[in-house]
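# Structural overview for review
Take a look at the letters that make up each chain.
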Amino acid sequence: MTEEKLDTNSFRFFGLGGSNEVGRSCHILQYKGKTVMLDAGVHPAHQGIASLPFYDEFDLSQVEVLLISHFHLDHAASLPYVMQRTNFQGRVFMTHPTKAIYRWLLSDFVKVTNIGNDNAGGVSDENLYTDEDLAESFDRIETVDYHSTIDVNGIKFTAYHAGHVLGAAMFQVEIAGLRILFTGDYSRELDRHLNSAEIPTLPSDILIVESTFGTATHEPRTSKEKKLTQLIHTTVSKGGRVLLPVFALGRAQEIMLILDEYWSQHAEQLGNGQVPIFYASNLARKCMSVFQTYVNMMNDKIRKKFRDSQTNPFIFKNISYLKNLDEFQDFGPSVMLASPGMLQNGLSRDLLEKWCPDEKNLVLITGYSVEGTMAKFLMLEPETIPSINNSDVSIPRRCQVEEISFAAHVDFRENLEFVEKIGAPNIILVHGESNPMGRLKSALLSNFSSLKGTEDEVRVYNPRNCVAVDLEFKGVKIAK
Ligand SMILES: [Zn+2]
């Protein structure tokens, strides 16, 4: 062990989670005696300790800097655990909007996990952390502005826009002249409210990039939006209810921008409460205020709309908020955006069980569904689904199930174009199930095959969790 560690020209990548899988993202970088950790997520298909990255496999007291790319649970939800329940002593950084949303999101996560445990009758794992842990960890998280470089004992890092969700960042880390770019989750397509991912001005030696969609191609945005609005319009015209399981924050706001505009354009048939749209989340109001606050960090399109109309684009005319289902009168057609996005539990799961026996209704999946979750299972169109409160009870599933992805991850073409522009000779793939990741690796290798054997050869790695990737940089890098 010491032998390997003492070779200071060797760069080591070590995945504690999110390698050959989607979920519990956490990656360790080591170079010249410095240690950086990237992200600290949970796995949405598991609960309690089982949902954590493999923290036991690494001495977290070595970590000097921990960077969180964005607020999604698979990237941030184990952070309070790391900060309060392990020997981690480093500094933690994230962007301002990420921190603002993180607070509410994780306090909801604590609540939802607690409820889950109660229902299980005390047989499930202990809670990962409490509200108090969350509050204490919150004060110790430092924020970074986009494009400004921070130096912590020789570890320099800079946040760049990543698209994907509000506050999401790619981090370029520099240690003794070696530059590593970590994309986190990113998108390149210009959407209604976010800046798309940028190319950093300085080149990178190592690129750590997501591979969610592997070699798949996305439908163009305009046709996706059209399909979404038409499918929903058709369903409600027949008297059906539409359930859109969404992650409370992030992509849900993009869908709301689309629906609010469409409802205004079809006010005669849909407006004035004829077909109400609800955003059901106990976080709804708090979260919308964060979006209303950070319009200045969004793209030119939405800022222009804000300026021209003098009204905040996140104050929706046709959407009302529901904190829970007690206040919901379920009469006639309606459209419901409800969290969580993978129907694991909570509001969206309750509505699924209520609405899925009726064939008029529609469940429309717009996010990425992780293996092992109800959302993924539902896309197989099962005859029945198990009830969350009693798994011996099966509920008939007759509703229509459709998927239109607004997940805001790059597709193959966008990913390849970005990878080429970065031009890094070493590429480490993360955040993808084994098959799509393997296909992406092959496609990248064949794309760069003409460089094979030359000094510009591009190497692509798809390590599993807890398998190190060691790269030699034979003293080429000189400390500044
Ligand atoms: Zn994400």
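Not measured: the values here are computed from a predicted model. (Residues numbered from 1 in each chain as written. Predicted model: local features only at pLDDT ≥ 70, side-chain atom pairs only at ≥ 80, totals over all residues. Heavy atoms only, no water.)

## Some thoughts on the overall build of the protein chain
From N to C terminus, the protein chain includes 14 helices and 22 strands. A compact globule built from 480 residues would reach a C-alpha radius of gyration of about 23 Å, and the protein chain, at 23 Å, matches this within 12%. Summarising its shape, the C-alpha atoms of the protein chain cover approximately 70 × 50 × 40 Å along the three principal directions. Residues counted as buried form 57% of the 480 residues belonging to the protein chain. Long-range pairs, those at least 24 residues apart, make up 73% of the contacts in the protein chain between residues at least 6 apart in sequence. For the protein chain, the distance from the average site of its 47 positive side-chain charges to the average site of its 60 negative ones is 4 Å. (Helix = DSSP H or I, 4+ residues; strand = E, 2+ residues; numbered from the N terminus. Rg over C-alpha atoms; globule rule 2.2 N^0.38 Å. Buried < 20%, exposed > 50% of the residue type's maximum accessible area, 1.4 Å probe, protein only. Contact = heavy atoms within 4.5 Å. Lys, Arg positive; Asp, Glu negative; His and termini not counted. Charge placed at Lys NZ, Arg CZ, Asp CG, Glu CD.)

## Comments concerning a positive patch on the surface
Taken together, the side chains of K111, R285, K286 and K323 define a basic patch exposed on the protein surface. With respect to the element layout, R285 can be found in helix α9 (residues 284–293). For R285, a relative accessible area of 61% puts it in the exposed group. (Patch = residues over 30% accessible without salt bridge, like charges linked within 9 Å, V, L, I, M, F, W, Y side chains within 5 Å. Areas by Shrake-Rupley, 256 points an atom, 1.4 Å probe, with all protein chains shown as cover. Salt bridge = Lys/Arg side-chain N within 4 Å of Asp/Glu carboxyl O.)

## Some points on the coordination of the zinc ion
In the first shell of the zinc ion, the protein supplies H70 (NE2), H72 (ND1), H164 (NE2) and D185 (OD), at 2.1 to 2.3 Å from the metal. What the 4 donor atoms of the zinc ion show is an angle range of 92 to 167 degrees at the metal, which sorts the shape as irregular. Written as a sequence motif, the donor arrangement for the zinc ion is H-x1-H-x91-H-x20-D. Of the two residues, H164 sits in the loop between β8 (155–161) and β9 (169–175) while D185 sits in the loop between β10 (178–182) and β11 (206–210), which places them 21 residues apart along the sequence. With respect to burial, H164 and D185 carry one shared label: buried. (Donors = N, O, S within 2.8 Å, 3.2 Å for Na, K, Ca; no water. Tetrahedral: all angles 85-135°; square planar, octahedral: opposite > 155°, others 65-115°.)

## Re the sheet that holds β8
The strand order across the open sheet formed by 7 strands is β7-β8-β9-β10-β11-β20-β21, and the pairing between neighbours is mixed. In this open sheet, the two strands that pair with only one neighbour each are β7 (150–152) and β21 (459–461). Pairs of neighbouring strands in the sheet enclose a mean axial angle of 20 degrees, with direction left out of account. Examined bridge by bridge, β8 and β9 share 7 bridges and lie antiparallel to one another. Pairing of A159 across the sheet is with F171, part of β9. Packing against the sheet, helix α14 (residues 434–447) makes contact with β11, β20 (426–430) and β21, and its axis sits at approximately 160 degrees to β20. (Pairing = 2+ DSSP bridges. Axes fitted to C-alpha atoms, helices over the stretch in contact; angles between N-to-C directions.)

## Some details on the confidence of the model for the protein chain
Overall, the prediction assigns the protein chain a mean pLDDT of 91, with 94% of residues at 70 or greater. Residue range residues 1–6 is modelled with pLDDT below 50. Its contacts to residues more than four positions away, or to other chains, number 4 contacts. (pLDDT = per-residue confidence, 0-100.)

## What about the pairing of β11?
Burial within β11 is extensive, with 5 of its 5 residues counted as buried. Here β11 shows two buried faces, one formed by I206, I208 and E210 and the other by L207 and V209. Bridging between β10 and β11 involves 3 bridges; their strand directions are parallel. Note on β11: the bridge partner recorded for I180 is I206. Strand direction decides the pairing type here: β11 and β20, joined by 5 bridges, are parallel. Bridged to I208 within β20 is I428.

## Overview of the environment of L364
Tracing the chain through its elements places L364 in strand β16 (residues 362–365). Residue L364 is classed as buried on the basis of its relative accessible area, which comes to 0%. For L364 and R91, which are 273 residues apart along the polypeptide, the C-alpha to C-alpha distance reads 40 Å. With residues up to four places along the chain from it excluded, the contact list for L364 reads L228, L231, I232, L243, L244, P245, E402, E403 and I404.

## Some thoughts on the packing of helix α6 (residues 221–237) against helix α7 (residues 251–265)
With their axes 11 Å apart at the nearest point, α6 and α7 run at an angle of 65 degrees to one another. You can see that α6 and α7 cross each other, and the crossing is right-handed. Seen from α6, the contacting residues are R221, E225, L228, T229, I232 and H233; seen from α7, they are E254, I258, L259, Y262 and W263. Class assignment for the residues of the contact of α6 with α7 results in 6 nonpolar, 2 polar and 3 charged. (Left-handed = near helix turned anticlockwise from the far one by under 90°. Nonpolar A, V, L, I, M, F, W, Y, C, P; charged D, E, K, R; others polar.)

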